Amino acid sequence: QVQLVESGGGLVQAGGSLRLSCATSGGKIMGINDMGWYRQAPGKQRELVAGITSGGTTNYAESVKGRFTISRDNAKNAVYLQMNSLKPEDTAVYYCNANVDHVEDSVFYRGDTYWGQGTQVTVPS
């Protein structure tokens, strides 16, 4: 069973930085396609923060452009989010997401989507 596990959240003052990590585990992973980071603030819908393709093409929400950087390590099947110049409006639970090709019980699954459990980022106002 493929799982995504996030780490690196916490409380940081405005203007500070955090680095989120997301590692995959379990299952027999044959390849990971798109990966991304989403966030959900209280009372709001989950939104895409940043995405990265297997080839390294990135895209960002307008609100984080120039402040956040997404990267991935294909050898480790991991994705990262470097967050700089954090603002109170960045406060949310951050989730990593991956589109995974994998084998389970000798059956090949193409493009299954997995989510991490979420990690809290808090930037006090």
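Our subject is the structure that appears above.
Attention here is on the structure that accompanies the text. (Residues numbered from 1 in each chain as written. Predicted model: local features only at pLDDT ≥ 70, side-chain atom pairs only at ≥ 80, totals over all residues. Heavy atoms only, no water.)

## Examining the overall build of the protein chain
Tallying secondary structure elements over the protein chain gives zero helices and 11 strands in all. Listing each helix as α and each strand as β along the protein chain from the N terminus yields β-β-β-β-β-β-β-β-β-β-β. Principal axes of the C-alpha set define a box for the protein chain whose edges measure 50 × 25 × 25 Å. Looking at the protein chain as a whole, 38% of its 125 residues qualify as buried. Positive and negative charge centroids in the protein chain, built from 11 and 11 side chains respectively, lie 6 Å apart. (Helix = DSSP H or I, 4+ residues; strand = E, 2+ residues; numbered from the N terminus. Buried < 20%, exposed > 50% of the residue type's maximum accessible area, 1.4 Å probe, protein only. Lys, Arg positive; Asp, Glu negative; His and termini not counted. Charge placed at Lys NZ, Arg CZ, Asp CG, Glu CD.)

## Section: the packing of aromatic side chains
Inspection of every chain in the model, using the stated rule, returns one aromatic pair. Ring geometry for Tyr 38 versus Trp 115: centroids 4.9 Å apart, planes at 65°, classification edge-to-face. Here Trp 115 lies in strand E10 (residues 107-115) and Tyr 38 lies in strand E4 (residues 28-40), a separation of 77 residues in the sequence. We classify Tyr 38 as partly exposed; its relative accessible area is 23%. Across the ring face of Tyr 80, the terminal group of Arg 19 is positioned such that the distance to the ring centre comes to 4.4 Å. The ring of Trp 115 carries Arg 46 above its face, with NZ or CZ at 4.7 Å from the centroid. (Phe/Tyr/Trp six-rings, centres within 6.5 Å; stacked < 30°, edge-to-face > 60°. Lys NZ or Arg CZ within 6 Å of the ring centre and 35° of its normal.)

## Some words on the environment of Asn 74
Within the secondary structure layout, Asn 74 lies in the loop between strand E7 (68-73) and strand E8 (78-83). Residue classification places Asn 74 among the partly exposed positions, given a relative accessible area of 44%. Asn 74 sits 43 residues away from Gly 31 along the chain, and the two C-alpha atoms are 8.8 Å apart.

## Observations regarding unusual backbone geometry
For Asn 77, which is not glycine, the phi dihedral falls at a positive 50°. Among the secondary structure elements, Asn 77 is positioned in the loop between E7 and E8. For Asn 77, a relative accessible area of 23% translates into the label partly exposed. The backbone of Ser 85 shows a phi angle near 50°, a positive value even though the residue is not glycine. Assessed through its relative accessible area of 39%, Ser 85 is described here as partly exposed.

Note that every value here comes from positions in space, so none of it alone points to a role or purpose.
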